[in-house]
Amino acid sequence: MSTPLEIVSKDATLTEAATVMHDKEINALVVSTDPPSIVTSTDLVASAAEGHDPTTQQVSDVMTKSVETVPPELYLEEVAAMMTNFGINHLPVVDGDDYLGMISSTDITSELS
């Protein structure tokens, strides 16, 4: 799990989001919306491929809204099953209203291998 959790505003530009991901060496950010959303490096690449200007396009234009979350006590096998069933690679880890971190498919593979 990546901690601390990196959060970006829905009003941030894609360049700002990409800079955080690059500087922190991560591939996803939680977007501060209610319910929570997520923006990934895949979203940024897709936007660039479509010819959008990352200096003006906002995170809210490409983010995935209302994402699934997992509690910290969930078994890795269950998290892996969720990722497979939903076709996703990142899940925010939450304890009640507190965001603890982000778990990725890479984290799961590393731990289970």
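Values in this document were obtained by computation on a predicted structure and should not be read as measured data. (Residues numbered from 1 in each chain as written. Predicted model: local features only at pLDDT ≥ 70, side-chain atom pairs only at ≥ 80, totals over all residues. Heavy atoms only, no water.)

Trainee: Give me the lowdown on the nonpolar core, citing residues and values where you can.
Mentor: The tendency in soluble globular proteins is for nonpolar side chains to be buried as a group. Within the largest apolar cluster, 13 residues are counted, with the highest numbers of intra-cluster contacts made by Val8, Met21, Leu29, Val31, Val39 and Val59. Within the residue set of this core, elements represented by two or more residues are helix 1 (14–24) and strand 2 (28–31). Among the elements that make up this core, the one with the highest residue count is helix 1 (three residues). Apart from the residues lying within four places of it in its own chain, the contact partners of Val39 are Val8, Met21, Asn27, Ala28, Leu29, Val31, Leu44, Val59, Val62 and Met63. In this structure, Val79, Met83, Leu91 and Val93 belong to the second largest nonpolar core, which totals eight residues. (Core = buried A, V, L, I, M, F, W, Y, C linked by side-chain atoms within 4.5 Å. Buried < 20%, exposed > 50% of the residue type's maximum accessible area, 1.4 Å probe, protein only. Helix = DSSP H or I, 4+ residues; strand = E, 2+ residues; numbered from the N terminus. Contact = heavy atoms within 4.5 Å.)

Trainee: Describe the pairing of strand 5 (residues 98–104), listing the residues and the values that go with them.
Mentor: Here strand 4 (residues 90–95) runs beside strand 5; their pairing, made up of six bridges, is antiparallel. Looking at the pairing, Asp95 lines up with Asp98 of strand 5. Turn length for the strand 4-strand 5 hairpin, with the two strands adjacent in sequence and antiparallel, is two residues, and the turn residue Gly96 shows positive phi of about 70 degrees. (Pairing = 2+ DSSP bridges.)

Trainee: Go over the packing of helix 3 (residues 76–86) against helix 4 (residues 105–112) with me, naming the residues and quoting the values.
Mentor: The contact between helix 3 and helix 4 brings their axes to 10 Å, and the two run at 140 degrees. One finds that helix 3 runs oblique with respect to helix 4. In this structure, helix 3 meets helix 4 at a crossing whose hand is left-handed. Taking contact as the criterion, the partners of Leu76, Glu77, Val79, Ala80 and Met83 in helix 3 are, on helix 4, Ser105, Ile108, Glu111 and Leu112. Of the residues belonging to the contact of helix 3 with helix 4, the class tally is six nonpolar, one polar and two charged. (Axes fitted to C-alpha atoms, helices over the stretch in contact; angles between N-to-C directions. Parallel < 35°, antiparallel > 145°, perpendicular 65-115°, else oblique. Left-handed = near helix turned anticlockwise from the far one by under 90°. Nonpolar A, V, L, I, M, F, W, Y, C, P; charged D, E, K, R; others polar.)

Trainee: Report on helix 3, specifying residues and quantitative values.
Mentor: What helix 3 keeps buried is the set Val79, Met82 and Met83. When helix 3 is viewed along its axis, its buried side chains cluster within an angular range of 95 degrees and face the same direction. Exposed and facing more than 90 degrees away from the buried side of helix 3 are Glu77, Thr84 and Asn85. Packing partners of the buried residues in helix 3 comprise strand 4, strand 5 and helix 4. Immediately downstream of helix 3, the backbone of Gly87 shows phi near 65 degrees, a positive value. (Arc of directions from axis to C-beta.)

Trainee: For helix 2 (residues 41–49), give the residues involved together with the corresponding values.
Mentor: Within helix 2, the full set of buried residues consists of Asp43, Leu44 and Ser47. Along the axis of helix 2, the buried residues cluster in a sector spanning 100 degrees; they form a single face. Set apart from the buried face of helix 2 by more than 90 degrees, the exposed residues are Thr42, Val45, Ala48 and Ala49. Contacts made by the buried residues of helix 2 are with helix 1 and strand 3 (37–40). One or two steps after helix 2, the chain reaches Gly51, where phi turns positive at roughly 85 degrees.

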